[in-house]
Each structure stands twice: as C-alpha cells, then as structure tokens.
Amino acid sequence: MFGPPFLRVLNSNFVHLVKHAPKVRRCYCLITLSSPLAWIWFSVSISDEPETLYKRLSLLVKGHDRAVLDSYEFFAVLAAKELGISVEKVHRPPKTIERFTLLKSVHIFKKHRVQYEMRTHYLCLELKHVTGSTAAVYLEYVQRNLPEGVAMEVKKTRIEAIPEHIKKPVWDTLPQVEETDVKS
Amino acid sequence: GPALSAFPCTGLSPAAPHPSCTGKPRTGHSTPGHVPPRTERMAVDQDWSSVYPTAASFKPASVPLPIRMGYPVKRGVPPPKEGNLELIKIPNFLHLTPPAIRKHCAALKDFCTEWPSALDSDEKCEQHFPIEIETVDYVSAGTSIRNPKARVVTLKVKLSNLNLDDHAKKKIIKLVGERYCKDTDMLTITTDRCPLRRQNYDYGIHLLTVLYHESWKTEIWESEKTEEDMEEYIWENSRSQRNALDTLLRIKASENITNVTKEELLASEIVKNYKNSVVALKNEGETENNMSQYKESVKKLLNIQA
C-alpha cells in the first residue's frame, strides 16, 4: 500500500450533527500489474451529504456446501470485528432439499427413474447499528470475496427522520378555498 | 556470436562449441521434466498473503500442507493432493487467512465511519428516526446481475410518532386497512409498482404524505358515522345507557319518588359502575374479571341481594 490516506475528522455529537455527519466517499483505482493486484489510494474525500444510518443489516448466505459456508462465516465475522461492526446474531436456518424424479431413459421404460436433489444450506449474519459508509465498505469487501456458487441476500433496514412535509397538516397554512359542489 | 553466448564456453572459438553443449535446449535439471515443488523452498515464517494474494485455485505445489481429499481407495486412504480434482473444484479460502483479513481491514478502516454514540439503544433510534425503510439486495452468479425482487421497498412507521390527533388517527387506520398492526402500532407500506428502487421509495413517501394530510381533513359525510363504524364502544348515548336509565326511572316511579333527574342518576356510583363494566366487556371481551364485575354492578343496579 502506498499513498497516505488523509485522515477525516468525525464529529461524534448528537442528532443535528448526525444529520450533517461527513459521508466518506472513496476514490481508488485498481491497477492490474503483471504480478498480483496493487491498490493505489488517491484520497479519502469527505462529502457533505448526511450519513445514512442502518439499524440492522441482515446477510443471508446460501450455498450448496456446509463447509464453504462455515469458512465464509469465520471470514465475515472476523472482518466485521476488525472494522468495528457489532455482530448481533449468527445462526444457521435449516437446510432445504429440493428433490425431483425424472425418467432414466430417453424413450419408454417408465418404471425406471432417476432422482436428483439440490441441497441449499443457509447462514444468517445480523449486524447492528452500521453507518452508510461502513456498510458500503463491509458489503463490498464481503461480496467481492464471495466464493463461487454461493449467493447472498442483504436486507438493509435504514432509519430516517420524519420528512418536513409530514410534521404538520398542510390545511392550516393553505388559503381558504370556497367549497364547490362535487359532481357525482 | 550472440546466439552461442548463453553457453558457458569461454576461451574457445565460436565455431567449435564445448562438447557438453548439445544442440538440444538446456533444461537446467538432472531428470527431464521433474521440477521440485515450490513448497520445498518455503520458510515456515513466510508471508502467506504473497503466496495467495487473491482467490486462486488450489495449487498442490504451492500449498505446503499434506492434504488428502476424496473417497478412499479400498483398504486405503483418500488420494493425495497431487493431481486431485476434488481439491481444485471446491472453493478455497487460502487467500483469506486471518493475517490477510486483518491487513485488508486495516487498509479499509479509513473509509469507515463510526455509529453516533448517542444512538446506542433502539428506543433512542426510534425517537429521533422513527421511519424504517427496508430494502433487499441480491448477489448471485448467473448470466445477469439484476434481480427483479430488488426494487421492493417497505416503509414502516409507528403512528404514535406521527403528529396525529384522535380523529386523524382513527381515520388513517380506516384508510390503510390491513397495513396497520394494532399490537405493535406499526403502519407498513410495501411498494413495488415502479421499476426502480428509488422510484418505489419516493412513491412510498408520497403515500405516507397523502395519508397523513387526508386524515387531518374532515369531510362532510363523516358526520354520518354510525354505531357500526365506531372502533370502540362508547357508552354515552347508547342503547345500554338508555335502557339502564329507563329501568332506574321506572323503579323510582314505582317507589313514588318522582324528583330524580337523569343527570343525578348518571352521576351516581351505581350507574358509573355499571357503565365501566359494560365498556370493559365490549372493548376487552369476556374474561373472568369482566363478567364478575358486570354481575356485581347489575346486582347493585337492580338492588338484588343474592
């Protein structure tokens, strides 16, 4: 790694500053050399948009092989710990098996069939209280290292303040309009 | 000349090469085709992340582990790692050893931000940020990275966090119907009618705005609300109140006490007890407590000593 990342200053104060908390935008470029990849940071820039807040990030990882999911769980949990994300729960929903029966032969021989099955193992990681930048970084890292043949569904629960136009009913501020007859 | 300069022949004329130099190209090894694997030259404390920096298939000559994998031969052991297809097929995590993960995370840490320390509990999150928006992302291998289920957006908000008065709250519950859950006081709006996620989110917010403002309006026809439309039982001006007052007045008339007014009767303890028990029965359903309370109040009302 070369190129100094610029340190960013974070206000850790309350709500009104949370709304203006800096969102870190990454600018980096991946350059493939003849030997393995080299990452070059350009800079860590801070933008002025308010940070999105995720109350919960639920990762459901699906695969055909239990051992692969176990290794992936070790990797994802360690990565979350290193990046400072609190892991609420890690559990394994029961596997599902989809079975179907086909005819063994191309033509006739109805009595001779062959049966196939597809086993899907699941792994559910629940992460709590993640900011938008951290979520983007963690999810990209974890998804880039997703092994072949493994799928992932990420359920994000974002929390937002009530928008300005829902704070008060608008009828108080509108000028009085004469009631016209409603044509039925 | 330059072509023969690769041969370590010195002091000889280029026209007559050294006898040990044959016309065949040099392999540099004693046995033809045998290269000692890289594992023999690996130190125990080497930097493994430079051997496997990225995801790569299993190379038996680069992994210094005596792994055996596969179905064992008869009365034997699983096959060794050389030329083992099972080891090549399965995805390996050799590029994600704990030191490598720590290195990656140390580099990525600069791009992360911390969760605000003031929002440490769920209650505080709900107090300041009451609206929850759920979206789902899908990652899988296939011909296309798009998933049509990814455009669904679900908005959840507790009605107690919105600025609603009594009439507005009842009206909004009637407007949304099934989308409101009484036990958790949660309004859930699921939108998927637009092709993009951002459009669905905007539509969800638009729906919430319209519902909010419409519930504050009072239409002319809302005054025709009948008893069947009421959400909860109100005792004032109901049949039960009329019947109870009628009965009490007739009892008083039969005892020849005519100077009792309706307001006096309504304010008396007996009638208040009866009213409470009837309201509890209608709103909360029939429980042991409610039924016994009703029995006591009726007995007092009709002056029956059981």
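Parameters and conventions
- Residues numbered from 1 in each chain as written.
- Chains lettered and ligands numbered in written order.
- Predicted model: local features only at pLDDT ≥ 70, side-chain atom pairs only at ≥ 80, totals over all residues.
- Heavy atoms only, no water.
- UniProt positions renumbered as here; feature names shortened; annotations may be inferred.
- Helix = DSSP H or I, 4+ residues; strand = E, 2+ residues; numbered from the N terminus.
- Contact = heavy atoms within 4.5 Å.
- Areas by Shrake-Rupley, 256 points an atom, 1.4 Å probe, with all protein chains shown as cover.
- Expected span 1.5 Å × (residues − 1).
- Buried < 20%, exposed > 50% of the residue type's maximum accessible area, 1.4 Å probe, protein only.
- Patch = residues over 30% accessible without salt bridge, like charges linked within 9 Å, V, L, I, M, F, W, Y side chains within 5 Å.
- Salt bridge = Lys/Arg side-chain N within 4 Å of Asp/Glu carboxyl O.

An unreviewed UniProt entry annotates chain B as Mitochondrial ribosomal protein S35 of Nothoprocta perdicaria.

As annotated in an unreviewed UniProt entry, chain A is Small ribosomal subunit protein uS10m from Nothoprocta perdicaria. Entered under Subcellular location (unreviewed entry) in the UniProt record, the comment concerning chain A runs "Mitochondrion".

**Student:** How should I be thinking about the overall build of chain A in this particular structure?
**Tutor:** Helix and strand counts for chain A stand at three helices and seven strands. Starting at the N terminus and ending at the C terminus, chain A contains elements arranged as α-β-β-β-α-β-β-β-α-β. A separation of at least 24 residues holds for 71% of the contacts in chain A among residues at least 6 apart in sequence. As presented, chain A carries roughly 12,000 Å² of accessible surface, and 55% of it is formed by carbon and sulfur atoms.

**Student:** How should helix α8 (residues 269-284) of chain B be read in this particular structure?
**Tutor:** Residues and elements named next belong to chain B. Look at α8: 22 Å from first C-alpha to last across 16 residues, which is about the 22 Å you get at 1.5 Å a residue. Along α8, the positions that sit buried rather than exposed are V271, Y274, S277, V278, A280 and L281. For α8, the secondary structure elements touched by its buried residues are α6 (239-254), α7 (262-267) and α9 (288-302).

**Student:** So what exactly am I meant to see when it comes to the UniProt feature "domain: Small ribosomal subunit protein mS35 mitochondrial conserved" (unreviewed entry) in chain B here?
**Tutor:** Under the UniProt annotation, the feature "domain: Small ribosomal subunit protein mS35 mitochondrial conserved" (unreviewed entry) is placed at residues 145-217 of chain B. The annotated region residues 145-217 of chain B carries 42% helix and 19% strand content, and the separation between its end C-alpha atoms amounts to 46 Å.

**Student:** Hey, could you run me through a nonpolar patch on the surface in this one?
**Tutor:** All names here are of chain A. A cluster of nonpolar side chains, F100, L102, Y116 and M118, forms an exposed patch at the surface whose accessible area comes to about 350 Å². Put simply, the parts of the chain that give the nonpolar patch at least two residues each are β5 (96-103) and β6 (113-131). Position of Y116 among the secondary structure elements: in strand β6. Judged by its relative accessible area of 44%, Y116 falls in the partly exposed class.

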